[in-house]
Amino acid sequence: MTYSGAVKVGGPADVHELKDLMISKVAVGSMNNNAYLLRCRDTGEQLLIDAAAEPHTLLSLIGDDSIASVVTTHRHGDHWQALAEVVAATGARTLAGRYDAEGIPVPTDTLLEDGDTVRVGRVELTARHIVGHTPGSIVLVYDDPHGHPHVFTGDCLFPGGVGNTFGDADAFVSLLNDVEAKVFAPLPDESWVYPGHGDDTTLGDERPHLTEWRERGW
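Residues numbered from 1 in each chain as written. Predicted model: local features only at pLDDT ≥ 70, side-chain atom pairs only at ≥ 80, totals over all residues. Heavy atoms only, no water.

A. Fine view of the packing of aromatic side chains. Enumeration according to the criterion identifies six aromatic pairs in this entry. Residues Phe-152 and Tyr-194 carry aromatic rings whose centres are separated by 4.6 Å and whose planes lie at 15 degrees to one another, so their mutual orientation is stacked. One end of the pair, Phe-152, is in strand S11 (residues 149–154); the other, Tyr-194, is in strand S14 (residues 192–195), with 42 residues separating them in the sequence. Taken as a pair, Phe-152 and Tyr-194 share a single burial class, namely buried. The rings of Tyr-3, Tyr-36, Phe-152, Trp-192 and Tyr-194 are connected pair by pair, giving a single aromatic cluster. Arg-216 extends its terminal NZ or CZ atom over the ring of Trp-218, reaching a point 3.7 Å from the ring centre. (Phe/Tyr/Trp six-rings, centres within 6.5 Å; stacked < 30°, edge-to-face > 60°. Helix = DSSP H or I, 4+ residues; strand = E, 2+ residues; numbered from the N terminus. Buried < 20%, exposed > 50% of the residue type's maximum accessible area, 1.4 Å probe, protein only. Lys NZ or Arg CZ within 6 Å of the ring centre and 35° of its normal.)

B. The nonpolar core, seen in detail. Counting residues in each nonpolar core, the largest one holds 22 residues, and the members touching the most others are Leu-21, Ile-23, Leu-38, Val-118, Leu-125, Leu-140 and Phe-152. Elements that contribute at least two residues to this core include exactly strand S2 (21–28), strand S3 (33–40), strand S4 (46–49), strand S8 (117–120), strand S9 (123–130) and strand S10 (137–143). Apart from residues lying up to four places away in sequence, Phe-152 is in contact with Ile-23, Tyr-36, Leu-38, Ile-49, Leu-125, Ile-138, Val-139, Leu-140 and Tyr-194. Counting 21 residues, the second-largest nonpolar core is a separate cluster that includes Val-26, Val-28, Ala-52 and Leu-58. (Core = buried A, V, L, I, M, F, W, Y, C linked by side-chain atoms within 4.5 Å. Contact = heavy atoms within 4.5 Å.)

C. Inspection of the sheet that holds S14 at higher detail. With mixed pairing, the six strands of this open sheet are ordered in space as S8-S9-S10-S11-S14-S15. Strands with a single pairing partner mark the edges of an open sheet, and in this sheet they are S8 and strand S15 (201–202). (Pairing = 2+ DSSP bridges.)

Structure (structure tokens):
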């Protein structure tokens, strides 16, 4: 079946099958959070992005092969409600941005800096530090050697705009500047965007609206 990225809480995962990587997307919790299970097709190693809620749902998705690691994109509580239970059940190592780790109540084993490599089996992703939604949000970029990039943006970028900066004009400018410089500038329009809530998008769909977002201030 063709991947759409349209999932709903209580519904099945949607699976994006790439040559080297399988990406399973599921929606969990009262805030319709997305969690993403990445599986290296060569080694079978798995990584979870955002143990947001519903540990039973996430552990069922993970299955008997368990996970080697879990990345928390940022410190907001709706993105780590299931983290303690998932880590306890799997023994996974934890990763998060250096400047957000202090706000995550589960200890972080690996503090991510801008440009760091995150591995799942033989697949490599690049962490980009984005400031604005939180001080230490992390976006993960998989530059697929067989196709276009895939970008896991947490709450930094959605269809229709960047993440919430809660009325802080300076934080909004910082967030938009970082998203433009570290996501839109280096990556092509075909790049697929997997956000922390709701439907997916592409950079090409969003790029024409960057000036509009800056002018409206959110």
